[in-house]
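Structural description and commentary
This is what each chain is made of:
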Amino acid sequence: MAAPADACDSGPLVCALLAVDDALYTYVLSALLIAVGLYLTIRTRAVQLRHFGTMLRTIASSRTGAAGGISSFQAFAVGLAARVGIGNVAGVALAIVAGGPGALFWMWVVALIGMATSFIESTLAQVFKERGRDFTFHGGPAYYIKNGLRSRAWGAVFAVMCIVSVGVTVVMVQTNSLAQVLGATVPSIRPWMVGAALVVLTGPIVLGGLKWVARVTEVVAPLMALVYVAVTAVVIVLNVGELGHVLGEVLRGALGLDQALYGISGGILAAVLNGVRRGLFSNEAGLGTVPNAAGTATVAHPVRQGLIQSFGVFVDTIVVCTATGLLILLATGTYRPGDNALVGAVLTQQAVVEHLGAWTVWPMVVLIFVLVFSTVLGCYSYSQVNVNYLGGERRAEQAFGILLTGAAYAGTVLTLPAVWALTDIALGLLGLINLVAIIRLAPWALGALRDFEAQEARGSAEPVFVGHGNPLLPGDAVEGVWEAPAGAADGDGAAPPEGAGAESAAGRA
């Protein structure tokens with residue numbers, strides 16, 4: 001996420017906030033996220049590569065076994081809905097314009113590293129989750145800070161910051177971007193029209209609570225990603241002869257082998273910084289947002305959800321962001337390295353028009369609208385978990401749903417330069433808190449991974465986790481969660497015997 005380029009015209013305060021935002025995102029947080037990702041890749045022995053096949057198999061069977069709660073696939077879809085938003089359309093375009101084609105390569109690199117971080121934080125969200133109402137669970141950084149680090153106060157700090165930044169300001173800047181893009185594309189669309197449409201669609205869903213959000217995103221998020229990737233597939237088929245040349249440009253630009261491929265910022269450093277920054281904050285690995293969705297799932301083993309959410313990073317960057325990059329780079333009449341008048345979502349949209357014709361303007365308008373709509377739903381899910389952490393019951397949940405819906409409308413009709421910068425800074429601070437927590441709690445996730453792999457090695461078709469008296473863990477999980485069925489623990493305490501069954505444990509978990 002980044003504030004508009006002309007935001008400094010709004011005054012010295014906004015300029016100062018943007019300077020802090022740029023330093024935090026481009027250098028401090030990006031460096032920390034990469035360092036943590038590399039560390040966790042080593043500690044997990046590259047779990048994102050070793051278990052990629054397991055991720056695919058888990059996704060295929062993740063819609064069952066929820067026992068009346070939120071399924072593993074629904075939690076994955078909520079995370080995907082929040083990850084795959086207007087940033088995948090506009091953010092990738094900005095990275096390529098500023099850093100050249102090579103920026104796409106560095107987005108791939110940080111995604112592969114970030115998959116390990118996402119695995120750890122999402123597994124921790126499961127290990128330290130708590131039982132909620134109606135067969136659902138609540139988990140995420142606030143919960144693993146409280147139950148793992150034994151700090152209720154810091155958990156509350158994270159929860160408040162997440163509610164304000166993700167549930168209000170992120171929603172506002174997302175819908176603000178939507179109104180600007182749609183207004184630039186179709187001048188007859190007024191901002192209040194966009195806001196009204198969002199209210200009509202969003203209000204009834206978020207007032208229904210987490211289960212309703214999960215049911216809607218379970219359909220909308222994967223369908224949206226598939227449609228977008230299908231458009232790219234058509235473009236690639238039409239330009240298959242140029243694909244090798246474009247991929248060559250990506251590699252040459254990434255390694256600084258061709259100055260003609262530098263972006264407007266110039267040089268290989270621009271390709272690295274723009275690719276890294278856009279990649280990190282598109283897939284959200286390490287920011288502490290996705291674990292809020294991961295912790296709501298009902299699964300037989302925490303590692304299952306960790307692997308699924310790690311796969312979400314792959315889908316977001318390697319699949320969807322690559323789709324945007326190829327759409328732009330194949331549009332030689334629209335995109336020119338080092339000299340491009342179009343930026344953001346407008347560039348992506350015009351690239352589609354160049355490939356497929358002017359008739360695609362309205363379908364792209366609809367697609368961009370749905371991207372933002374699904375992101376708003378994902379933001380609700382993330383924030384609602386933290387409302388529950390602070391003690392919010394049904395009335396508080398509904399009140400927050402009204403607040404979020406109002407923020408969605410306000411974002412379309414207000415000018416938000418300061419809010420843009422403050423949102424970025426708040427998300428960066430969330431990331432810093434979360435990175436400290438997951439590094440300190442990593443032994444719990446690594447122990448869960450060893451437990452999962454040990455059961456797989458014994459031939460268990462569906463590993464079942466027991467979080468109490470498990471010698472592979474530093475201690476016991478939350479009371480009443482991850483307990484073995486009566487008489488089910490085996491001799492080494494690592495897992496119940498095969499006769500316990502995954503469904504039984506999932507229902508109790």
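Criteria and thresholds
- Residues numbered from 1 in each chain as written.
- Predicted model: local features only at pLDDT ≥ 70, side-chain atom pairs only at ≥ 80, totals over all residues.
- Heavy atoms only, no water.
- pLDDT = per-residue confidence, 0-100.
- Contact = heavy atoms within 4.5 Å.
- Axes fitted to C-alpha atoms, helices over the stretch in contact; angles between N-to-C directions.
- Helix = DSSP H or I, 4+ residues; strand = E, 2+ residues; numbered from the N terminus.
- Nonpolar A, V, L, I, M, F, W, Y, C, P; charged D, E, K, R; others polar.
- Buried < 20%, exposed > 50% of the residue type's maximum accessible area, 1.4 Å probe, protein only.
- Salt bridge = Lys/Arg side-chain N within 4 Å of Asp/Glu carboxyl O.
- Expected span 1.5 Å × (residues − 1).

1. Side note on the confidence of the model for the chain
Here the chain averages 83 in pLDDT, and 89% of its residues register 70 or above. Overall, residues 489-509 carries pLDDT values under 50, and its contacts beyond four positions in sequence, including any with other chains, amount to 53 contacts.

2. Structural notes on the packing of helix α7 (residues 141-148) against helix α16 (residues 361-389)
Look at α7 against α16: their axes get within 9 Å of each other, and the N-to-C directions meet at 35 degrees. Between α7, through A142, Y143 and K146, and α16, the contact on the second element is made entirely by V385, N386, N388 and Y389. Among the residues forming the contact of α7 with α16, the class breakdown is four nonpolar, two polar and one charged.

3. Observations concerning unusual backbone geometry
With a phi close to 55 degrees, R45 is a non-glycine residue in the positive phi region. Among the structural elements, R45 can be located in the loop between α1 (12-43) and α2 (47-50). Judged by relative accessible area, which is 52%, R45 ranks as exposed. If you check the backbone angles, A46 has positive phi at about 55 degrees while not being a glycine. Checked against the element boundaries, A46 lands in the loop between α1 and α2.

4. What about the pattern of salt bridges?
All told, the structure shown has four salt bridges when counted by the stated rule. Among the salt bridges present, the one from K146 reaches E130, with a minimum N-O distance of 2.6 Å. Remark: E130 occurs in strand β1 (residues 130-131) and K146 occurs in helix α7; sequence separation between them is 16 residues. For R304, the salt bridge identified is with E462, shortest N-O distance 3.3 Å. With R304 in helix α14 (residues 302-329) and E462 in the loop between α18 (417-457) and α19 (502-508), the pair connects residues that are 158 residues apart, well separated along the chain. Residue R304 is classed as buried on the basis of its relative accessible area of 12%. Judged by its relative accessible area of 33%, E462 is partly exposed.

5. Structural notes on helix α4 (residues 72-83)
Helix length check: α4 (12 residues) gives 17 Å between terminal C-alpha atoms against 16 Å at 1.5 Å per residue, within 8%. With 12 of its 12 residues buried, α4 lies for the most part within the structure. Within α4, the full set of buried residues consists of S72, F73, Q74, A75, F76, A77, V78, G79, L80, A81, A82 and R83.

6. Some details on the environment of A426
With respect to the helices and strands, A426 occurs in helix α18. Overall, A426 belongs to the buried group, its relative accessible area being 19%. With 260 residues separating them along the chain, A426 and V166 place their C-alpha atoms 8.9 Å apart. Beyond its immediate stretch of four places on either side in the chain, A426 contacts M161 and S165.

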